[in-house]
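Fold and geometry: a report
Each chain is listed here by its residues.
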Amino acid sequence: MDLLIRNIGQLIQIQDPGVRMVAGEAMSRLNLIHDAWLSVDNGRISGFGPMSRAPQPADQEIDASGCVVMPGFCDPHTHLVYAGSREQEFVDRIRGLSYEEIARRGGGILNSAKRLRSTTEDELFRDASLRLREIASQGTAAVEIKSGYGLDTESELKMLRVIRRLKDTSAITIKSTFLGAHAVPPEFRNDQDGYVSCIIEEMLPAVAASRLADYVDVFCDEGFFTTGNTARILEAAAAFGLRPKIHANELACSGGIQIGVQHRALSVDHLEWTGQAEIDALKGSDTMPTLLPGAALFLGLKSPPARLMISSGLPVALGSDFNPGSSPAGNMMLMMALACIRLKMLPEEAIQAATINAAYAMGVEDELGSITIGKRASLIITKPVPGYAYLPYAYGSNLIGQMLLNGQLIEIQ
Ligand SMILES: [Zn+2]
């Protein structure tokens, strides 16, 4: 045995092998063992159970002293490769400008695109590495990262190469998503159709040939890409074997959810504007509704109907949307707190949404997202807390005591 963690107050989110997600009413039931042990071999969970039946002492041991041990978070939606920050727009918004008005003035995504194009790959890699280290310290074990600030073929490939370097050098599990259709770049101003043709004819073949992307994304919403153009991109991407994870229904009932489901999207994300028709479309599909409460908080958007989704039998996942414009935070413990406070999700539901369901939403549920023998030992050991409900409750505290990635303790910042 490589490592034994003893005296775990609550070992939470235990799942049988083969459980890929948790939906509906079952989200409120969290499997746990009080006063538990867990063993690690070759970077993976090799056993667990109650302390009354603990194994013999191992060479390396951690005394969890009654703390909570849980799977590391999966964050299925981020844009954490970016150049510069956008606090000026933050101030503009405080002064009364809307997200759309800021976008019209050349702010927003196009602001980030301008900066990214003139930033070297090494600089992007260095800054993103620091952000990865920060979120690992906050309990994140897996993260999806999108391109989408390049908006031309070479700059999009540059972003995807940076994500590849992060995959090769970080202990965090990473998935990459090609988001050429994040915004229409200045070269195609007032010509969305022309830019979409460029994505289909030039960018997608280059991205597919480079094998740098795991998924494809489109910002399908009012003021961004139409459902018609979204469908064109998703059909072209399907020919290259790229499954969609799309931005949908953040700003309006845009039809994005239905287009995503029709194209077997792995996830549809944001979903502030979700009604019964959208919920009906999601029912019985393989598509994970993914909520991003950090962006909704930061932009002052209305909340998606998480309670109605869960009572309708749907699963729900959580992501941070870590990006410089609308959610400059990748702290998943905070996202769980926002899900409880603003979306009225129970702590048990928020934990399911940030672990197993988030793992599903980025296609890593076989490896991460639950306490299951054989999965990666990427685990959070909390600071002393009375129990797991304290985690979203004490929303301003840093409650990560120790963090393991693939069985190795990492340095907490
Ligand atoms: Zn996003």
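Anyway, here's the lowdown on the structure attached to this text. Remember, it's a predicted structure, so these values are computed and weren't measured experimentally.

Notes on the overall build of the chain
Helix and strand counts for the chain stand at 15 helices and 16 strands. A compact globule built from 413 residues would reach a C-alpha radius of gyration of about 22 Å, and the chain, at 21 Å, matches this within 12%. Dimensions of the chain, computed from the C-alpha atoms along their principal axes, are close to 70 × 45 × 45 Å. For the chain, buried positions account for 59% of its 413 residues. One way to put it: in the chain the 37 positive side-chain charges average out to a point 1 Å from where the 47 negative ones average out.

What to know about the coordination of the zinc ion
Protein-derived ligands of the zinc ion are His77 (NE2), His79 (NE2), His247 (NE2) and Asp321 (OD), with the metal-ligand distances lying across 2.1 to 2.4 Å. Sequence spacing of the donors to the zinc ion: H-x1-H-x167-H-x73-D. A residue pair is termed long-range when its members are at least 10 positions apart, and His79 in the loop between strand S6 (73–78) and helix H1 (87–94) and His247 in strand S10 (residues 243–248) qualify at 168 residues. With a relative accessible area of 2%, His79 lands in the buried category. His247 sits in the buried class, given a relative accessible area of 3%.

Remarks on the nonpolar core
Within the largest apolar cluster, 110 residues are counted, with the highest numbers of intra-cluster contacts made by Val81, Leu166, Phe178, Leu318, Met336 and Leu391. When residues in this core are grouped by element, the largest group, 8 residues, is from helix H12 (residues 332–343). Discounting residues that sit within four places of it in the chain, Leu166 has contacts with Val81, Phe125, Ala128, Ser129, Leu132, Ile145 and Ile174. Counting 19 residues, the second largest nonpolar core, distinct from the first, contains Ala36, Val40, Ile45 and Ile62.

A look at the packing of aromatic side chains
Aromatic ring pairs: the centre-centre distance and the angle between the two ring planes describe each pair. For the structure on display, the rule yields 6 aromatic pairs. With centroids separated by 5.3 Å and ring planes inclined at 15 degrees, the aromatic side chains of Phe90 and Phe298 adopt a geometry described as stacked. With a gap of 208 residues between them, Phe90 in helix H1 and Phe298 in helix H10 (residues 293–299) connect regions that are remote in the sequence. Judged by its relative accessible area of 36%, Phe90 falls in the partly exposed class. Three or more aromatic residues joined by ring pairs form one cluster here, namely Phe188, Tyr195 and Phe225. Between the NZ or CZ atom of Arg165 and the centre of the ring of Phe125, over which it lies, the distance is 4.1 Å. A cation sits over an aromatic face here: Lys302 above Trp273, 3.9 Å from the ring centre.

Some points on the pattern of salt bridges
Counted according to the given criterion, the structure contains 18 salt bridges. Between Glu365 and Arg20 there is a salt bridge, with the nearest N and O atoms lying 3.0 Å from each other. In this pair, Glu365 sits in the loop between helix H14 (356–361) and strand S14 (379–382) while Arg20 sits in the loop between strand S1 (3–12) and strand S2 (32–41), placing the two residues 345 residues apart along the sequence. Exposure remark for Arg20: the relative accessible area of 46% places this residue in the partly exposed category. Residue Lys283 is joined to Asp280 by a salt bridge in which the shortest nitrogen-to-oxygen separation is 3.7 Å.

So, how was this worked out
- The numbering scheme is per chain: residues are counted from 1 as the chain's sequence reads.
- pLDDT decides what is reported in this predicted model: residues at 70 or higher carry local features, side-chain atom pairs at 80 or more are listed and counted, and totals for whole chains, interfaces and linings draw on all residues regardless.
- To get the side-chain values, take all heavy atoms of the structure and skip hydrogens and water.
- Here a helix means four or more residues in a row that DSSP labels H or I, a strand means two or more in a row labelled E, and each is numbered from the N terminus.
- The globule rule used here is 2.2 Å times the number of residues to the 0.38 power, and the radius of gyration it is set against is calculated over C-alpha atoms.
- For every residue, the accessible area obtained with a 1.4 Å probe (protein chains only) is divided by the maximum for its type, and the residue is called buried under 20%, exposed over 50%, and partly exposed between those limits.
- Note that His is not counted, nor are the chain ends; the positive residues are Lys and Arg, and the negative ones are Asp and Glu.
- To locate a charge, take NZ of a lysine, CZ of an arginine, CG of an aspartate or CD of a glutamate.
- With water excluded from the atoms, a metal site may look incomplete; its donors are any N, O or S atoms within 2.8 Å, or within 3.2 Å for Na, K and Ca.
- Definition of nonpolar core: a set of buried residues of the types Ala, Val, Leu, Ile, Met, Phe, Trp, Tyr and Cys, connected through side-chain atoms within 4.5 Å.
- In this description, contact between two residues means that some pair of their heavy atoms is separated by no more than 4.5 Å.
- Between the rings of Phe, Tyr and Trp (Trp by its six-membered ring), a pair exists once the centres lie within 6.5 Å; its type follows the angle of the planes, with under 30 degrees stacked, over 60 edge-to-face, and the other angles tilted.
- A positively charged side chain is recorded as over a ring if its NZ (Lys) or CZ (Arg) lies within 6 Å of the ring centre. The angle to the ring normal must also be within 35 degrees.
- Here, a salt bridge means any side-chain nitrogen of Lys or Arg that lies within 4 Å of a carboxyl oxygen of Asp or Glu.

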